[in-house]
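# Coordinate analysis (summary)
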Amino acid sequence: MARLQLSKLEKVYGGGFKAVHGIDLDVQEGEFMVLVGPSGCAKSTTLRMIAGLEEVTSGEIRIGDRIVNALPPGKRRIAMVFQNYALYPHMKVRSNLAFGLRLAHVPKPEREAAVQEVARILEIEPLLDRLPKQLSGGQAQRVALGRALIKKPEVFLFDEPLSNLDAKLRASMRVRITDLHKRLKAEGRPSTVVYVTHDQTEAMTMGDRICVMKDGHIMQVATPKELYDRPANLFVAGFIGSPEMNVIDGEIEGTDFRLGGQVISLDEAVLNRMQSKPQEAALGIRPQHMKLSAGNGLTARLRSAEFMGHEVYLHAMLEGKEITTVAGAAEYDALDRSDERIRLTPDLGHAHIFDRQSGRNVSLPLAG
Ligand SMILES: Nc1ncnc2c1ncn2[C@@H]1O[C@H](COP(=O)(O)OP(=O)(O)OP(=O)(O)O)[C@@H](O)[C@H]1O
């Protein structure tokens, strides 16, 4: 297994469109790195450059101590798992698994042992003599995983591998893949992974670290918890977390945060963390930190409520902006709904202040 390093990596497509803007990314040996971002942010382009399926315009890709820019895919010691499985339809699972080794002229007994080993790890032994059309989506994806695993690559590349599966199967495959990653590490065979998805649940549950991308730029690289607790900018704040963080535009005057006709007094909990005081600011607060309060607090107009079981998402208008708050089911039942007005108090200990001009989070990181 090897470390993967991207340095000043850039991609300009034929028509002159710059898709990747000189990105730097360092994936440690044995690390599970997720690339996530909205459609068109260049996750696939980046992955395909690492795989050797797309030419690099400038910059460097290093796997271990080798610069691989000029190497064809087959020489890069990588294995890729695609969303459409890419299994050979006329070959049984056994032959699909062994195919790469056969091409590499690995002797038959060794090939068979490797197939057994991978089939054991992925629990697909009973499927070895089936054809791909006799497999369910989840089984086919495990075979595709097996085909990558059997090559003992230095880096695994995954391109949205679960997007063709239904929600339940996706959830169980997520666990299977991360379990496999942990198991290989425990067995002394750590695998370096780059996993592309647009699904933030996949990113948050699978990644050791996540690289959030937008328009061919890296917005932040951090652990899931760090991204959630300390988003570096408005984009990451809005992209990570569900329901989405509330972002309330306002102006800072002294210790007041003014939004429309209302004022939030910024206390030490937030003032002490601020590196600068942007005049055009935005207050970021996650829905669970926007508390229903009696009597005082911000006044908002309740628009709708979504019953989620033990909690209720309340959608309200605050000075012309839609915001969400999470209330306990009992708290919601007890709420006086005789008029549409509700009172809300942000827990400033968990608030972020963003500079609206640059989008940067100017509140110092919240404690661990
Ligand atoms: N062959 C190409 N020629 C020109 N532009 C391209 C080409 N392939 C992709 N692009 C552009 O490069 C940008 C990045 O595309 P890419 O497919 O890498 O994004 P993505 O983040 O993987 O999106 P998705 O999640 O929709 O697959 C997009 O604006 C896309 O239109």
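Structure shown above.
What comes next is a walk through the structure.

Each value, and the rule that gives it
Residues numbered from 1 in each chain as written. Predicted model: local features only at pLDDT ≥ 70, side-chain atom pairs only at ≥ 80, totals over all residues. Helix = DSSP H or I, 4+ residues; strand = E, 2+ residues; numbered from the N terminus. Buried ≥ 20, exposed ≤ 12 C-beta atoms within 10 Å, placed from the backbone. Contact = placed C-beta atoms within 7 Å. Pairing = 2+ DSSP bridges. Near = placed C-beta within 6 Å. Nonpolar A, V, L, I, M, F, W, Y, C, P; charged D, E, K, R; others polar. Expected span 1.5 Å × (residues − 1). Arc of directions from axis to C-beta. Axes fitted to C-alpha atoms, helices over the stretch in contact; angles between N-to-C directions. Parallel < 35°, antiparallel > 145°, perpendicular 65-115°, else oblique. Left-handed = near helix turned anticlockwise from the far one by under 90°.

Okay, the overall build of the chain next. Across its full length, the chain carries 10 helices and 20 strands. By residue count, 37% of the 368 residues in the chain fall in the buried class. Across the chain, every contact between residues at least 6 apart in sequence was considered, and the portion connecting residues at least 24 apart equals 67%.

So, on to the pairing of strand E6 (residues 78–81). Neither face of E6 is left uncovered, since the one carrying Ile78 and Met80 and the one carrying Ala79 and Val81 both have all their residues buried. For E6 and strand E7 (residues 155–159), the ladder comprises 4 bridges, and the chain directions are parallel. Residue pairing across strands places Met80 opposite Leu157, the latter belonging to E7.

Glancing now at the environment of Ile218. Inspection of the secondary structure assignment puts Ile218 in strand E10 (residues 217–222). The spacing of Ile218 and Gly37 is 181 residues in sequence and 9.4 Å in space, taken between C-alpha atoms. The residues contacting Ile218, other than those within four sequence positions of it, are Ile23, Leu25, Cys211 and Met213.

With that out of the way, let us pick up the site of the ligand. Around the ligand, the surrounding shell holds 14 residues, and the nearest of these are Tyr13, Ala19, Ser39, Ser44 and Thr45. Among the elements that line the shell around the ligand, the one with the most residues is helix H1 (residues 43–51), at 3 residues. Looking at side-chain class alone, the shell around the ligand contains 5 nonpolar, 8 polar and 1 charged residues.

The next thing to look at is the environment of Ala2. In this structure, Ala2 sits in the segment before strand E1 (4–12). What makes Ala2 buried here is the crowd of 20 C-beta atoms within 10 Å. Residues Ala2 and Gln141, spaced 139 residues apart in sequence, show a C-alpha to C-alpha distance of 24 Å. Sequence-distant contacts of Ala2, defined by excluding residues within four places in its chain, comprise Glu29, Ile63, Gly64, Glu154, Val155 and Thr192.

Below, the discussion takes up the pairing of strand E14 (residues 280–285). Burial within E14 is extensive, with 5 of its 6 residues counted as buried. In this sheet, strand E20 (residues 352–355) lies alongside E14 in antiparallel orientation, the contact comprising 4 bridges. Note that in E20 the partner of Ala282 across the bridge is Phe354.

Spanning 15 residues, helix H3 (residues 108–122) covers 21 Å between terminal C-alpha atoms, matching the ideal 21 Å at 1.5 Å per step. What H3 keeps buried is the set Arg111, Ala114, Val115, Val118 and Ala119. Projection of H3 onto a plane perpendicular to its axis shows the buried side chains occupying an angular sector of 130 degrees, all on one side. Exposed side chains of H3 directed beyond 90 degrees from the buried face belong to Pro109, Glu110, Ala113 and Arg120. Those residues of H3 that are buried lie in contact with helix H2 (93–103) and helix H4 (137–149). One or two positions beyond H3, positive phi appears at Glu123, with a value near 55 degrees.

This part takes up the packing of H2 against H4. Remark: H2 packs on H4, axes separated minimally by 8 Å, with the N-to-C direction vectors making an angle of 30 degrees. One finds that H2 runs roughly parallel with respect to H4. Once H2 is placed against H4, the crossing between them reads as right-handed. Note on element contacts: H4 touches H2 through Val143, Gly146 and Arg147, opposite Val93, Asn96, Leu97 and Gly100. When the residues that make up the contact of H2 with H4 are grouped by side-chain class, the tally is 3 nonpolar, 3 polar and 1 charged.

A sheet is described by the order of its strands in space; here 5 strands give the open sequence E13-E12-E11-E14-E20, paired in antiparallel fashion. With partners counted over all chains shown, the strands left at the sheet margins are strand E13 (262–265) and E20, one partner each. Each adjacent strand pair in this sheet contributes to an overall mean axis angle of 40 degrees, direction not counted. Where strand E11 (residues 246–253) lies against strand E12 (residues 256–259), 3 bridges are found, and the strand directions are antiparallel. Residue pairing in the sheet places Ile252 in a bridge with Phe257 of E12.

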